[in-house]
Amino acid sequence: MTQSLKDKLVILSLAVLATAFMITFLAIEEQAEIFALLVLAAVLVFASAKFGLIETISGCLSRNERLLNGAVVAATLIVAFWFYEDHFPLLMIATVLLYTVASCGLNMQFGYTGVVNFAGAAFFGIGCYTAAVLGETSVPMLMVIIVGGLVAALVGSILIIPVLRTRGHYAAVVTIAFGLLFRTFLEVNDALGGPQGLGVSGMNIFGWDFNSGITLTDDIEVSFYMNYVILALIMVMLTFVLMRRIERSWIGLNFDAVRLDETAAACYGIDIKHWKILSFTLGNFLAGTAGALYAMMLGFIAPSNFAFSDSLILVSIVLLGGMGSLWGTILAAGLVVLLPEKLQAIQEYRFLIYAVVMILILLFRPQGVLPRGLRAYIPGWRG
Amino acid sequence: MKILGKSTVSAIAMVMTLTVGVGVADAKDKVKVAFIGPMTGGVSAVGVGGRNSAELAVQLRNADPEAKYEYELVSMDSECKPNVGVQVATKIAADSKIIGLVGHYCSAVAMGAVDIYHRFNLPMSVWGAVLPDVTYANDYKEIHRVNGTMINQNEVAAKFMTEQGYKTWVVIHDTTDYGKGHDKYFTEYLTQNGGEILADFGVSSDQQDFTAELTKAKQLNPDVIYFGGLTPLGVRIRAQMEKLGITSQFQGVSGIKSDSFIEGVGPELSEGVVSFLEGAPVDKLPGGQYFTEKYQAAGFAESEEAYGPFAFAAMTLILDGIEEVGPNRKKLTEYLGNIQGYDSIVGEVSFDDHGQNTVAAITKYVIQDGKWVVWEDSEYVDGTRKLAGK
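Conventions and cut-offs
Residues numbered from 1 in each chain as written. Chains lettered and ligands numbered in written order. Predicted model: local features only at pLDDT ≥ 70, side-chain atom pairs only at ≥ 80, totals over all residues. Helix = DSSP H or I, 4+ residues; strand = E, 2+ residues; numbered from the N terminus. Rg over C-alpha atoms; globule rule 2.2 N^0.38 Å. Buried ≥ 20, exposed ≤ 12 C-beta atoms within 10 Å, placed from the backbone. Contact = placed C-beta atoms within 7 Å. Domains from an automatic or database assignment. Nonpolar A, V, L, I, M, F, W, Y, C, P; charged D, E, K, R; others polar. Pairing = 2+ DSSP bridges. Axes fitted to C-alpha atoms, helices over the stretch in contact; angles between N-to-C directions. Parallel < 35°, antiparallel > 145°, perpendicular 65-115°, else oblique.

Chemist: Can you tell me about the overall build of chain A, naming the residues and giving the values?
Modeler: Looking only at helices and strands, chain A features 16 helices and six strands. Against the compact-globule benchmark of 21 Å for 383 residues, chain A has a radius of gyration of 21 Å, which places it among compact chains. In terms of overall dimensions, chain A has C-alpha extents of about 65 × 65 × 45 Å along its principal axes. Looking at chain A as a whole, 44% of its 383 residues are labelled buried. Taking the contacts inside chain A whose residues are at least 6 apart along the sequence as the reference set, 76% of them involve residues at least 24 apart.

What follows is the structure, given as structure tokens:
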């Protein structure tokens, strides 16, 4: 068997395993089963790390990026279609996908360029509110997603000067303050629904109403959330391509230089301000687009969705996944969104357990679950 | 796998209806009901109290040998956030085994979730949210509410105050949804009861100085100053009324019914201030004693809080409905729609066209010696003390 064939087999079997795992994880409800599954996953990961399997696998994955990307998309679709008539799992899948897009935006700021942003939920919220306001007008809904991102980027430009002039903790405080201001602004602003929030009309592309289910035959009716899952998946794919392209281009190199050592980068003639502004704006744009579709899917938004704690959730996705790591972000978004939800049955205590899991992961793996590897200029290249 | 699951369920459901119809059911069938409330976050105490109360209703029903079904309670945490609320609402509504729901303390969460219940035809009753729009901004047959809204509060307030013999009012309200809502409904019911509003002032919720509004009010010399808003503003207005020498009766809304109002104004100035609140202290409820006994006997670690009895009443109502019409969402919706004069621990329940309980319990309070006292228990009721201008 040749090396490449072996690689492909490994990837395919991994994809099948991951798909089966996701389906089981989404389908089971019993707490004991959920814990058993989580423990099983942890044991598998530890065992394969122990026996050096992880390295073999990651080598295999980096040699076959195209196949990997394809396999992940296929796996997501299989999971989604497995639950084609179950609204709840589909809603959760779409939520994970949209959180992935928003966290990718944050990753661009944090992970690539080192611009701190603790107001992720605010930019996400700007997208949501843009969708709510524009939903009433005749602007095409697909356009609204883009506009949501643009408005988020535009509002973010208020923060550019403070973000450029501050660093570290101070930059964090500036963005935290912005997040709080955003929420207060929404609460006192009657035109935007005030503290009670306001309704958002659903997605509609050329008369195709996303909020009604798809009837295939008399017996098979696909949940309306499937529409959102597919659109969100497309958004994740576009975001992923954008992020990868930027990472591997000279833009990404500049971002990295700015993050690693501003002084050195400036000495080599890199315009620090320019790159910081670009990554900050692009990141907010991504968060805004995710927010716009999220609002359409939920149908109702209120200021309490965009509190400081929600910004921290986005930050924790980035940290948990590994700064700058795209696959890590996707995995972490899944963990952060699904885990508290799956632990619903223990109610008051679920955030305690969730928090302990997070602390343990960060304690024993501070670089994140799937840390960003060395820069790979060419797929499969290891220098 | 999924299809098999669903068809098995429907087969079971069919068999169930058949056996119940023939009356040969031996073992009790399981029926699921659900509860949603904020069980983490700032208002978690109320949410957990509500959950315990709903659970108590289910426990009592399961202990009842005459119950036709065995009930299982599924309770979910909304975190008082609309996005999480929509998630759990979808989860519950999409689970066809769940027949009825008691849900929502936070109005914003309820507003986001009602569309989902309608979409999935899940009959539900709100147990705590007070925003009128939850029931009145839609025509959904599935949505009901056992507790009152600010509408009921003002209906009682307007009636009560006109009965005391007051004729003229000046209204001051803050410009939030809360204050505006109070202004709207109080004006409506006061006009019906023959009272007259001389002037209506909207003020921002952080305004410090009310000299302009109050000077105007003094010229008009109303019998009552009505204030629609929250405690901090209420304290300032009551204190500044005194400075300007306004002797009119001060009437507040549920927003000032807190001990900090008395602390802020002082016991002398606050004497005789009246306020109205949805619900009632547990010992004043028709079935309050029964509820308290059972709640304590069940050994919950947390208190039932102000809205626990409503969660209990709503859950009992839904369980009664399932007993009556069987575990079927549509039939239960129909059953709830026809509820008139239903006897519950929070008093009689009658739903109007929008599923709103029209005879919701509202309690009248008056401040006496630096304490909020239920009107009927106060010295004002027999004339020992008198309200301003009487």
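Chemist: Got a sec to walk through unusual backbone geometry? Specific residues and values, please.
Modeler: Residues and elements named next belong to chain B. We note that His104 has phi near 85°; this positive angle belongs to a residue other than glycine. Of note, His104 is situated in the loop between strand 3 (98–103) and helix 4 (107–119). What makes His104 buried here is the crowd of 32 C-beta atoms within 10 Å. For Asp369, which is not glycine, the phi dihedral falls at a positive 50°. Assignment of secondary structure puts Asp369 in the loop between strand 13 (362–368) and strand 14 (371–374). Here Asp369 falls in the exposed class, since 12 other C-beta atoms lie within 10 Å of it.

Chemist: I'd like a description of the domain arrangement of chain B, backed by residues and values.
Modeler: Residue and element names in this part refer to chain B. Domain annotation for chain B reports domain 1 (2–148 + 282–359) and domain 2 (151–278 + 363–377). Taking only C-alpha atoms, the centre of domain 1 and the centre of domain 2 are 35 Å apart. At the junction of the two partners, domain 1 supplies five residues and domain 2 supplies seven residues. Class assignment for the residues of the side of domain 1 that touches domain 2 results in two nonpolar, two polar and one charged.

Chemist: For the sheet that holds strand 1 (residues 29–37) of chain B, give the residues involved together with the corresponding values.
Modeler: All names here are of chain B. Taken together, five strands build an open sheet; the order of strands is 2-1-3-4-5 and the sheet is parallel. Each edge of the open sheet carries a strand with a single partner, namely strand 2 (69–77) and strand 5 (143–145). Here the strands of the sheet are splayed against their neighbours by 25° on average, with no regard to which way each runs. Note: strand 1 against strand 3, five bridges, orientation parallel. When the bridges of strand 3 are listed, Ile36 appears paired with Gly103. Across the sheet, helix 2 (residues 44–63) lies against strand 1, strand 2 and strand 3, angled at about 170° from strand 2, the strand it touches most.

Chemist: Before we move on, can you summarise the packing of helix 5 (residues 87–113) of chain A against helix 3 (residues 82–94) of chain B with the specific residues and values?
Modeler: Two elements in contact, helix 5 of chain A and helix 3 of chain B, have axes separated by 8 Å at closest approach and are oriented at 155°. By the criterion of interaxial angle, the relationship of helix 5 of chain A to helix 3 of chain B is roughly antiparallel. Mapping the contact onto sequence places His87, Phe88 and Leu91 of chain A in helix 5 of chain A and Gln87, Thr90, Lys91 and Ala94 of chain B in helix 3 of chain B. Each residue belonging to the contact of helix 5 of chain A with helix 3 of chain B can be placed in one class, and the counts come to three nonpolar, three polar and one charged.

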